[in-house]
Amino acid sequence: MRVNFTVNGRPQEADDVWEGESLLYVLRERMGLPGSKNACEQGECGSCTVRLDGVPVCSCLVAAGQAEGREVVTVEGLAEFAEDRAKDRAKDRAEGCATGACGSRGSGGSGAGASLDEARRRQAKGTDSQTGEGIELAPIQQAFIDAGAVQCGFCTPGLLVAADEMLERTPNPTDADIREALSGNLCRCTGYEKIMDAVRLAAARQSEEV
Amino acid sequence: MAANGAPTTITQGSRTRGGVGESTLRPDGTLKVTGEFAYSSDMWHEDMLWGQILRSTVAHAEIVSIDTGEALATPGVYAVMTYDDLPTDVRTYGLEIQDTPVLAHGRVRHHGEPVAIVAADHPETARRAAAKIKVEYRELPVITDEASATAPDAVLVHENRDDHHIGHVPHPNIVHRQPILRGDADAAAARADVIVKGEYYFGMQDQAFLGPESGLAVPAEDGGVDLYIATQWLHSDLRQIAPVLGLPEDKVRMTLSGVGGAFGGREDLSMQIHACLLAIRTGKPVKIVYNRFESFFGHVHRHPARLSYEHGATRDGKLTHLRCRIVLDGGAYASASPAVVGNASSLAVGPYVVEDVDIEALALYSNNPPCGAMRGFGAVQACFAYEAQMDKVAKELGMDPVEFRRINAMEQGTLMPTGQPVDSPAPVAELLRRVKAMPMPPERQWESSEGADVRQLPGGLSNTTHGEGVVRGVGYAVGIKNVGFSEGFDDYSTAKVRMEVVGGVPVATVHTAMAEVGQGGVTVHAQIARTELGVTQVTINPADTRVGSAGSTSASRQTYVTGGAVKNACELVREKVLEIGRRKFGSYHPAWATAELLLEGGKVVTDGGEVLTDLADVLEDEAVEVEEEWRHRPTEAFDLRTGQGNGHVQYSFAAHRAVVEVDTELGLVKVVELACAQDVGKALNPLSVVGQIQGGTTQGLGIAIMEEIVVDPKTAKVRNPSFTDYLLPTILDTPTIPVDVLELADDHAPYGLRGIGEAPTLSSTPAVLAAIRNATGLTLDRTPVRPEHLTGTA
């Protein structure tokens, strides 16, 4: 069958899709977007997390056909997605906030402590890591690098998509909020502490910008 | 013909100096957060096929027949291969003992053993075709434990053994046995005021790296093959792959692709040979990716173990002796079992002074899943038992468990039970003191003005308690792990370092075959090059077999050994650069001949800080390159009868304090905090060091309360090969992990560093168990602890 859907803001078409293929398979093997990872194929690990019409889903559990006509955001499009969102919010602010998302600085992000300050100081730039030109990163991507939340990195794409969505909904999360929101994403390397640091850091930087 | 998605060269530049001791960031970080980092499962090649492995559905059977006809006739299938299709007489492989069949020959010895392989144009076609292969089995009785392995009528798992252990094992179903005898345990026992015995069981743990076994084999025009693969040791793979293919090693060109974690599970081969066989047979690139179910069968696990311990102590709290017996189940094939036995026996006493010991460790052959390397490697199982014993003895003596450990703690100069002196800092008592001194997490931290936050209680979002029936417990443990390959192994690494001027800027290039599996070796290599060569720009080349072996990314050894090789190669490059400088500029300034010269900030400077010249002027268009092997000091084999010998390179120590809350009615455990203190010698990258400690600690938590591969004792079949049934700690299961890093230099090691990756995986588990015992008053002699063990319904 043929499947049409929007991926990272661009319309995509896949032909000869077998009915049993998952959204994850079509993204990885037919659309050249291997950023979303396949680690369990049963929705337990969250490595394949993408946004489907804004909602985070395990793309391994979504049949490709279910994505027909819908909008998908993967880790490859996260930076652009975050940038567009930031622009929209800036526009909202300029026009006077009506969403309630702004101004809610609150006292969240508890437990940030010393490691957060350290991570702030380490702030990397896209250019630090590669040859060639700078790369625009979403705040959550930058925070994962700065906080040391990446080891093998296999869980990272799914965690980034999930964490970015959580911060969109809950700009000032408590530690318990972060743990609850990310409890569907397994990481085997880090023991999650640096991931907590990264999300706290992204939340703090986000509040500073508001 | 380069495969799409093959690793690209990484260059790291930094405005800061970024040398040894700084928390520089990963050079592959940006690629990993943007989804562009190419893992082995992301490899893609025009016209590639997908490989699939058919595995045995029974644990122990004769293969009566295999019918591949229907599979071969399936449209889209390009090849089906069985044992009979193997190209040479070399049809087995193995890390130490070549006992593992590439494809089963007449018999399968464990559930999930590879029997046939298929290549097709779609992964689902390959899966379905493999399912059409008809294998007729005649089942054999299964060997599942020591009693069935050594019974008089036991079937031999491997007949006609000719490996180098068969001469000293008491039964052919025992892979290797290592006694450690020192002093006189009987006489010492007679002096003891108390004698404490314990029988312990340690469950089978899975590495559960998230990136499944996978790779891409591309046939080459010269009859060779290019293999892009996730592994822990390229050259060990190569040594095992090439003879099976009938190719010289230089025609099997291996490149490390992105590795999604390892933890020991990638020391043995998985799909490497199968992909190469299918690629050569079909003349097309072949990719194989295991799914999670297959991954549980596709790599070895941590050995389950039965441990019998007896300690004695005097009233004043001094240990008198240790008698212990550790039986590890190695499963159907040897894998790393002999080395795991060496570790379990030589580290069985723990980080304590016990002069009179009678220790025996052995590994069985059985029809259970093969077991081998996993983070902690034999030392983990022993630590679980000796730390349980320390608490028991302390209780028997009416002493505080930490004080009792302090009294018996080893220190620099202590003799191991192998007779080896511990000749670098061994701050066991200090680590315990530090971990105990950390502030305690607040009581009833789940209480808030809005009532109980169930996310912080046992049972979590299942909302099983709001604090009723919940009791807190605190437990301590400390452990000792060896660093590097032991027992006389030639444990070298190789580094190639090049220095040249590019665009007016001096650049160093580091090329090793080290497997970066997430640990951050690539970060550290760049730091070492900056420190040694005074450059800011360092390029880390992809790891491949065009450079000499780096040894394995295991045994906490890579920063020590490949880090040491990079340091050594940099020093040799520096000497050559200075020689060029002396030749060109020596006559202009006397310091070239008289002063100690350094490379700093792209310049040649004296140790007094005087700048002599720019590196760019020294090198001009010349490049300096060195490839050199590097070795740590040698070790010796353990005597097969007494276990005496200087078997280990270095020791590593960590201590944990666990705070748990237990819902005693439902048997649910919430680990509230898991604090760790570890001596790292020198933290080359403090951020990565803490990350390793927290990750290792969490894997220890997993085996304490949730992780276990359950094998049916009647059929030897695996019952929970999925992430639905094999439970890993989530972010909700994992507590805060405060880390106190101690840096006491080991003068024998580069920069004084100590291998760090494994030690935190040892003491984490017994600390959690001790805390649960403290909360509940239960004995708990097995791990993982499940609810039924806490509610008396097991």
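Source: prediction; values computed, not measured.

Undergrad: Looking at this structure, I do not really get the domain arrangement of chain A. What am I missing?
TA: Residues and elements named next belong to chain A. Assigned domains within chain A: domain 1 (3-73) and domain 2 (78-209). Contacts between domain 1 and domain 2 engage 15 residues on the former and 15 residues on the latter. Here domain 1 packs against domain 2, burying approximately 1200 Å² in sum over the two surfaces, 58% of which is carbon and sulfur. Contact with domain 2 buries surface across domain 1, with T49, R51 and V73 losing the most and accounting together for 41% of the total. Where domain 1 touches domain 2, the interface holds 3 salt bridges. For the side of domain 1 that touches domain 2, the element with the highest residue contribution is strand β3 (residues 49-52), accounting for 3 residues. A per-class count over the side of domain 1 that touches domain 2 returns 5 nonpolar, 6 polar and 4 charged.

Undergrad: Honestly, the sheet that holds strand β4 (residues 55-58) of chain A in this entry has me stumped. Any pointers?
TA: Strands in a sheet are paired, the pairing made by backbone hydrogen bonds, and the direction either parallel or antiparallel. Residue and element names in this part refer to chain A. In spatial order, the strands read β2-β1-β5-β3-β4; together these 5 strands make up an open sheet with mixed pairing. Each edge of the open sheet carries a strand with a single partner, namely β2 (10-14) and β4. Direction aside, neighbouring strands of the sheet carry axes that sit 40° apart on average. In this structure, β3 lies alongside β4, joined through 4 bridges in antiparallel fashion. Bridge pairing in β4 places T49 opposite C58.

Undergrad: I keep staring at the interface of chain B and chain A and nothing clicks. Help me out?
TA: The accessible area lost on association of the parts is a frequent measure of interface size. Listed per partner, the contact involves 71 residues of chain B and 62 residues of chain A. Roughly 5100 Å² is buried in total at the junction of chain B and chain A, and carbon and sulfur atoms are behind 57% of that figure. For chain B, the biggest contributors to the area lost against chain A are V33, L210 and I731 of chain B; these three give 16% of the whole. Residues R188 of chain A and E707 of chain B are paired through a salt bridge, measuring 2.7 Å at the closest nitrogen-oxygen approach. At the boundary of chain B and chain A, one finds 28 residue pairs in polar contact (both at pLDDT 80 or more). Elements supplying a minimum of two residues to the side of chain B that touches chain A: β1 (10-12), α1 (29-34), α3 (123-131) and α17 (686-705) of chain B. With 8 residues, α17 of chain B is the single largest residue contributor to the side of chain B that touches chain A. Of the residues in the side of chain B that touches chain A, the class split is 30 nonpolar, 29 polar and 12 charged.

Undergrad: I keep staring at unusual backbone geometry and nothing clicks. Help me out?
TA: Where the residue is not glycine, phi is negative for most of them; where a peptide bond is considered, it is trans in most cases. Residue P784 of chain B follows T783 of chain B across a cis peptide bond; omega there is 0°. Tracing the sequence through the fold places P784 of chain B in the loop between β34 (782-783) and α19 (787-791). For Y192 of chain A, which is not glycine, the phi dihedral falls at a positive 70°. Relative to the elements of secondary structure, Y192 of chain A occurs in the loop between α6 (175-181) and α7 (193-209). Owing to a relative accessible area of 0%, Y192 of chain A belongs among the buried residues under this scheme. The backbone phi angle of R444 of chain B is positive, close to 45°, even though this residue is not glycine.

Rules behind the numbers
- Residues numbered from 1 in each chain as written.
- Chains lettered and ligands numbered in written order.
- Predicted model: local features only at pLDDT ≥ 70, side-chain atom pairs only at ≥ 80, totals over all residues.
- Heavy atoms only, no water.
- Domains from an automatic or database assignment.
- Contact = heavy atoms within 4.5 Å.
- Buried area = accessible area lost by both parts, 1.4 Å probe.
- Salt bridge = Lys/Arg side-chain N within 4 Å of Asp/Glu carboxyl O.
- Helix = DSSP H or I, 4+ residues; strand = E, 2+ residues; numbered from the N terminus.
- Nonpolar A, V, L, I, M, F, W, Y, C, P; charged D, E, K, R; others polar.
- Pairing = 2+ DSSP bridges.
- Axes fitted to C-alpha atoms, helices over the stretch in contact; angles between N-to-C directions.
- Polar contact = N/O pair within 3.5 Å; in protein donor to acceptor, adjacent residues only side chain to side chain.
- Buried < 20%, exposed > 50% of the residue type's maximum accessible area, 1.4 Å probe, protein only.

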